[in-house]
Amino acid sequence: MRRILAAFLIAATTASAAPAGQSGKPQYFVKAWLQKADKTFEHTTSWCGENYRCFIPIGDHMIELRELSRSNYTLIFTSDPSEEVPCCVFRNGSREARLESAYPRVASLYFRPETWGDEGINAFGKLIIVVEDL
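Thresholds, definitions, all that
- Residues numbered from 1 in each chain as written.
- Predicted model: local features only at pLDDT ≥ 70, side-chain atom pairs only at ≥ 80, totals over all residues.
- Heavy atoms only, no water.
- Disulfide = S-S within 2.5 Å.
- Buried < 20%, exposed > 50% of the residue type's maximum accessible area, 1.4 Å probe, protein only.
- Pairing = 2+ DSSP bridges.
- Helix = DSSP H or I, 4+ residues; strand = E, 2+ residues; numbered from the N terminus.
- Axes fitted to C-alpha atoms, helices over the stretch in contact; angles between N-to-C directions.
- Core = buried A, V, L, I, M, F, W, Y, C linked by side-chain atoms within 4.5 Å.
- Phe/Tyr/Trp six-rings, centres within 6.5 Å; stacked < 30°, edge-to-face > 60°.

A. Broad picture of the state of the cysteines. Within this structure, the stated rule accounts for 1 disulfide. Bridging cysteine 48 to cysteine 54, the disulfide has an S-S length of 2.0 Å. Taking the sign of the S-S torsion, -80° for the link of cysteine 48 and cysteine 54, the bridge is left-handed. Cysteine 54 shares its class with cysteine 48; the two are buried.

B. Inspection of the sheet that holds strand S3 (residues 53–58) at higher detail. Sheet architecture is open: 4 strands sit in the order S3-S4-S5-S7, paired in antiparallel fashion. The open sheet has two free edges, formed respectively by S3 and strand S7 (96–100), since each of these has just one partner strand. The mean angle between the axes of side-by-side strands here comes to 30°, regardless of whether they run parallel or antiparallel. Summarising the sheet, strand S4 (residues 61–66) and strand S5 (residues 72–78) pair through 5 bridges and their orientation is antiparallel. Residue pairing across strands places isoleucine 63 opposite phenylalanine 77, the latter belonging to S5.

C. How the structure looks around the nonpolar core. The biggest cluster of nonpolar side chains holds 25 residues, and the ones touching the most others in it are Ile63, Leu65, Leu75, Phe77, Leu127 and Ile129. For this core, the secondary-structure elements that each account for two or more residues are strand S1 (28–36), S3, S4, S5, strand S6 (88–90), S7, strand S8 (105–111) and strand S9 (123–133).

D. Representation of the packing of aromatic side chains within the structure. Counting across every chain of the model gives 4 aromatic pairs. Ring centres of phenylalanine 29 and tryptophan 47 lie 4.8 Å apart, and the angle between their planes is 50°; on these two criteria the pair is classed as tilted. Linking phenylalanine 29 in strand S1 with tryptophan 47 in strand S2 (residues 41–48), this pair joins segments that are 18 residues apart in sequence. Here tryptophan 33 and phenylalanine 41 contribute two aromatic rings whose centre-to-centre distance is 4.5 Å and whose plane-to-plane angle is 10°, an arrangement assigned as stacked. In this structure tryptophan 33 comes out as buried when scored by relative accessible area, which is 6%.

E. Structural view of the sheet that holds S2. Spatial ordering of the open sheet is given by S2-S1-S9-S8-S6, a layout of 5 strands whose pairing is antiparallel. Whereas interior strands pair on both sides, the edge strands pair on one side only; in this sheet they are S2 and S6. Between one strand and the next, the sheet's axes are offset by a mean angle of 25°, whatever the strand orientation. As defined by bridge partners, S8 adjoins S9 across 6 bridges and the pair is classed as antiparallel. Looking at S9, one finds that leucine 109 is bridged to glycine 125.

Limitation: the analysis is restricted to geometry and does not speak to function.
Have a look at this one:
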């Protein structure tokens, strides 16, 4: 896990942080690393403004951040923001998680049970994310 986190931090600090599709004054800097169960990965960096919702693409997926504040935020992970049923859920079965800001957080993601015909829990991967208040 430490190697993954170290690689994430190096990649995130060297990647371009251009504000992709975000409007307003940047207030939060977001770094994210998606380590899939098949050992493939994606990473991204982006800015979020003072808007209620912020969308950040990561590979073929989308990270949605809501209710951003200095201390915490709500995270939603989807394949497409317009989809009604998300591809993945968090450990507790919810489609969203409340996380603390400023420190790297690891959120385990799982395919929805109906995706696999209710054959148990199947890991999608882990999302390592840090949201920094500027």
